[in-house]
Amino acid sequence: MDFTEMENVTILTHPLIKHKITMLRDVNTGTNEFRKLIEEIATLMGYEALRDLPLKDVEVTTPLETCMSPMIAGRKLAIVPILRAGLGMVQGILNLTPTAKVGHIGLYRDPETHEPVEYYCKLPSPIEERTIVVLDPMLATGGSAVDAIMQIKKHGGRTIKFMCIIAAPEGLQKLHEEHPDVQIYVGNLDRELNEHAYICPGLGDAGDRIFGTK
Ligand code: PRP
Ligand code: URA
């Protein structure tokens, strides 16, 4: 499947993103550096994912004259990390849009079935009027992302973007098929899933590496 042909899929190519993803993958990258890299990559990806934010002209007085000049229209952005690992990306987006509201969706993958198990959902209202950016560094089978977006839609969310740092082809295909209306931004498309549904070459367990758990 050629993902580059899909209108709702953007695989980022910026060399800074590629460089930082390589540092993330490194097994010798410790928790502190890993967290910083996740935040920095989220900022760089956010720059691309938010390029269609609506603008409106406002009047501004420069030292020379008064003119009309564009600013972001409204304050209707919601950032929704998928717990836990998505939390690591939140500040990276808030660096760009500090007034965005933040919701949370709690999901974990059952270690045997690899199916998502939901445990929390709190979204800022009015969710139906907001552009919603769902954050999770890893898109593996796609189960967690598909489920999280389904929950957001059930609560009324309509304009949804999904940002992940590393995707497996299996997860990207599933997310594209189940939610073709969602714009998907991917830092790197990796080779495949292994028999434990981990992304290869990947970076291991993102949540454990961000929070220093095992
Ligand atoms: C990881 C990751 C995604 C999910 C991806 O979370 O952060 O949410 O796995 O896998 P999938 O595409 O196959 O659903 P995990 O379940 O390990 O939970 P955690 O963030 O709480 O550690
Ligand atoms: N979740 C992770 O954190 N890493 C993977 O490779 C797959 C799912």
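The coordinates are above.
### Comments concerning helix α4 (residues 143-154)
Phase 1: Under the 1.5 Å per step criterion, the end-to-end length of α4 is 16 Å for 12 residues, consistent within 8% with the ideal 16 Å.
Phase 2: Counting buried positions along α4 gives nine out of 12 residues, so the element sits mostly inside the fold.
Phase 3: Those residues of α4 lying buried are Gly143, Ser144, Ala145, Val146, Asp147, Ala148, Ile149, Gln151 and Ile152.
Phase 4: Trailing α4 by a residue or two, Gly156 shows a phi angle of about 110 degrees, which is positive.

### Concerning the site of ligand 1
Phase 1: Around ligand 1 lies a shell of 14 residues, among which Arg109, Asp136, Thr141, Gly142 and Ser144 are the nearest.
Phase 2: Contact distances for ligand 1 include 2.9 Å between an oxygen atom and a side-chain N or O atom of Arg84.
Phase 3: In this structure, an oxygen atom belonging to ligand 1 sits 2.8 Å away from a main-chain N or O atom of Gly142.
Phase 4: For ligand 1, the protein covers 90% of the area, taking 500 Å² as the surface of the free molecule.
Phase 5: At the level of secondary structure, the elements contributing two or more residues to the shell around ligand 1 comprise β6 (104-109), β9 (138-139) and α4.
Phase 6: Grouping the constituent residues of the shell around ligand 1 by class yields six nonpolar, four polar and four charged.

### Details of the packing of aromatic side chains
Phase 1: With the rule as written, the count across this model stands at one aromatic pair.
Phase 2: Pairing Tyr108 with Tyr119 gives two aromatic rings, centres 6.1 Å apart and planes at 35 degrees, and the pair type is tilted. Here Tyr119 lies in strand β7 (residues 116-122) and Tyr108 lies in strand β6, a separation of 11 residues in the sequence.
Phase 3: Since its relative accessible area comes to 42%, Tyr108 is described here as partly exposed.
Phase 4: Positioned above the aromatic ring of Tyr198, the side-chain terminus of Arg109 is 5.6 Å from the ring centre.

### Notes on the pattern of salt bridges
Phase 1: All told, the structure shown has eight salt bridges when counted by the stated rule.
Phase 2: A salt bridge links Glu192 to Arg191; the nearest nitrogen and oxygen atoms lie 3.2 Å apart.
Phase 3: Relative accessible area serves as the criterion here: at 35%, Glu192 is assigned to the partly exposed category.

### Focus: the site of ligand 2
Phase 1: Taken together, Arg109, Met138, Ala140, Ala197, Tyr198, Ile199, Gly204, Asp205 and Ala206 make up the full set of residues adjacent to ligand 2.
Phase 2: Contact distances for ligand 2 include 2.8 Å between an oxygen atom and a backbone N or O atom of Ile199.
Phase 3: Out of a free accessible area of 240 Å², ligand 2 has 89% covered by protein chains.

### Structural notes on a nonpolar patch on the surface
Phase 1: A contiguous nonpolar surface patch, about 330 Å² in accessible area, is contributed by Tyr108, Tyr119 and Tyr120.
Phase 2: Relative accessible area serves as the criterion here: at 43%, Tyr119 is assigned to the partly exposed category.

### Some remarks on the packing of helix α1 (residues 15-25) against helix α2 (residues 31-49)
Phase 1: It is at 10 Å that the axes of α1 and α2 come closest, and there the two elements cross at 155 degrees. The angle between the axes of α1 and α2 places the two elements in the roughly antiparallel class. Considering how the two elements wind past one another, α1 and α2 form a crossing that is left-handed. Contact residues: Leu16, Ile17, Lys20, Ile21, Met23 and Leu24 in α1; Glu33, Phe34, Leu37, Ile38, Glu40, Ile41, Leu44 and Met45 in α2.
Phase 2: Residues that form the contact of α1 with α2 fall into these classes: 11 nonpolar, no polar and three charged.

What counts, and at which threshold
- Residues numbered from 1 in each chain as written.
- Chains lettered and ligands numbered in written order.
- Predicted model: local features only at pLDDT ≥ 70, side-chain atom pairs only at ≥ 80, totals over all residues.
- Heavy atoms only, no water.
- Helix = DSSP H or I, 4+ residues; strand = E, 2+ residues; numbered from the N terminus.
- Expected span 1.5 Å × (residues − 1).
- Buried < 20%, exposed > 50% of the residue type's maximum accessible area, 1.4 Å probe, protein only.
- Near = heavy atom within 4 Å.
- Polar contact = N/O pair within 3.5 Å; in protein donor to acceptor, adjacent residues only side chain to side chain.
- Areas by Shrake-Rupley, 256 points an atom, 1.4 Å probe, with all protein chains shown as cover.
- Nonpolar A, V, L, I, M, F, W, Y, C, P; charged D, E, K, R; others polar.
- Phe/Tyr/Trp six-rings, centres within 6.5 Å; stacked < 30°, edge-to-face > 60°.
- Lys NZ or Arg CZ within 6 Å of the ring centre and 35° of its normal.
- Salt bridge = Lys/Arg side-chain N within 4 Å of Asp/Glu carboxyl O.
- Patch = residues over 30% accessible without salt bridge, like charges linked within 9 Å, V, L, I, M, F, W, Y side chains within 5 Å.
- Axes fitted to C-alpha atoms, helices over the stretch in contact; angles between N-to-C directions.
- Parallel < 35°, antiparallel > 145°, perpendicular 65-115°, else oblique.
- Left-handed = near helix turned anticlockwise from the far one by under 90°.
- Contact = heavy atoms within 4.5 Å.

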